[in-house]
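Next come the chains, spelled out residue by residue.
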Amino acid sequence: MTDTTKAPDLAELERRATERGPAYGEGAHIVCDNLVRIYKTDGVEVVALQGLDLLVDPGELVAIVGASGSGKSTLLNILSGLDVPTAGVARVAGSDLLTMAAKERLNFRRHRVGFIWQQTSRNLLPYLTAAQNVELPMRFAGRSRRSRATRAAELLGMLGVGDCAGRRPEELSGGQQQRIAVAVAVANEPKVVLADEPTGELDTATAAEVFGALRQVNEEFGTTTVVVTHDAQVAERVDRTIGIRDGRTSSEVRRRSAEDGTRHVAEYAVLDRAGRVQLPKPFTEALDMRDRVRLDLETDHVGVWPDREETE
Ligand SMILES: Nc1ncnc2c1ncn2[C@@H]1O[C@H](COP(=O)(O)OP(=O)(O)OP(=O)(O)O)[C@@H](O)[C@H]1O
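The rules we used
Residues numbered from 1 in each chain as written. Predicted model: local features only at pLDDT ≥ 70, side-chain atom pairs only at ≥ 80, totals over all residues. Axes fitted to C-alpha atoms, helices over the stretch in contact; angles between N-to-C directions. Helix = DSSP H or I, 4+ residues; strand = E, 2+ residues; numbered from the N terminus. Parallel < 35°, antiparallel > 145°, perpendicular 65-115°, else oblique. Left-handed = near helix turned anticlockwise from the far one by under 90°. Contact = placed C-beta atoms within 7 Å. Nonpolar A, V, L, I, M, F, W, Y, C, P; charged D, E, K, R; others polar. Domains from an automatic or database assignment. Buried ≥ 20, exposed ≤ 12 C-beta atoms within 10 Å, placed from the backbone. Pairing = 2+ DSSP bridges.

Under an unreviewed UniProt entry, the name given to the protein is ABC transporter ATP-binding protein, and the organism recorded is Actinomadura syzygii.

Below is the structure:
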């Protein structure tokens, strides 16, 4: 019989650690575990993220959707290293975003992630040409003049804006500016690209072109790509759309193409590590579910009923 009163030795602890299996998010490129962000302004606290879990695999292209104020931009600001979470785990391409020192953060933002914002003016410097804008991050990274120029020309050509190389942003359309912004974002070969409403200011046809540019870099360079969007067209064109509600991941839509070319769409609610599921609002409203629900475990599913005790 094992002596349970004795403290476990190192070998025993190692055995237990290997028994526990892979850690949460092992192998994922983006890992958020119970992520919390609380803003404090004038003594008032706003909980923008309240225990958000998210895993994105290397090379995946995912869309994040959610109502205004649900926490999408907060999440993207954290993943891009601009903002620091209040608690939880946030790891991007192996970098821990909670414990990172200032120098590491700069290095992370320069080399590991690329971003595209909604406002075209935030992505490009107005007094530089398209090619100079693409070359700028490479200059900061210490790349030689020649290799910078070659890569900038290659990227602009690949994204269909090669003829815009010598023009400044004001001489370009919104769609051209956003495609150049994609080139700027991937100039230093980041592992992850984050885009916050990149097509928000564009008409439908131009939005499709810009999304096409994001998909192209995702496919050709294998960059893990996260796009926050309100654009239903964009959300429908990715394999996985993640819904955020009240600062938590609440739902997921997965799409896959079958061999015969048909597209299969499956909708899921997210079950987080604490066992929480958010029921979609239309469901709870249709059955007038409030405060508490009754659960029943069946052999192959869990039943959720409105609590009618008081009225019965
Ligand atoms: N700097 C800040 N200070 C205080 N509260 C903030 C700050 N930034 C965001 N918030 C609050 O946090 C919550 C989440 O905001 P966030 O901008 O992440 O939402 P969102 O889903 O991106 O919205 P939208 O789609 O409108 O851009 C909101 O209640 C917002 O008011």
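Anyway, onward from the coordinates.
K.L.:
What am I meant to see in the packing of helix H5 (residues 130-140) against helix H6 (residues 145-158) here?
P.N.:
Packed helices, taken two at a time, are described by the angle between their axes plus the distance between the axes. Between H5 and H6, the least distance of the axes is 9 Å, while the angle of their chain directions is 125°. The pairing of H5 with H6 is recorded here as oblique in orientation. Of the two elements, H5 crosses H6, and the hand of that crossing is right-handed. Facing H5, whose interface residues are Ala130, Ala131, Val134, Glu135, Met138 and Arg139, H6 presents Arg148, Ala149, Arg151, Ala152, Ala153, Leu155 and Leu156. Residues belonging to the contact of H5 with H6 are distributed by class as follows: 9 nonpolar, no polar and 4 charged.

K.L.:
Would you mind going over the domain arrangement of the protein with me for this structure?
P.N.:
It is common to give the size of an interface as the accessible area lost on bringing the parts into contact. According to the domain assignment, the protein consists of domain 1 (30-269) and domain 2 (280-312). Relative placement of domain 1 and domain 2: their C-alpha centres are 38 Å apart.

K.L.:
Looking at this structure, I do not really get the pairing of strand S12 (residues 293-297). What am I missing?
P.N.:
Side chains on a regular strand alternate between the two faces of the sheet. Of all 5 residues that make up S12, 0 are buried, and the element is exposed over most of its length. Examined bridge by bridge, S12 and strand S13 (residues 302-306) share 5 bridges and lie antiparallel to one another. Following the sheet pairing, valine 293 is matched in S13 by proline 306. Hairpin remark: S12 followed by S13, antiparallel, with 4 residues in the connecting loop.

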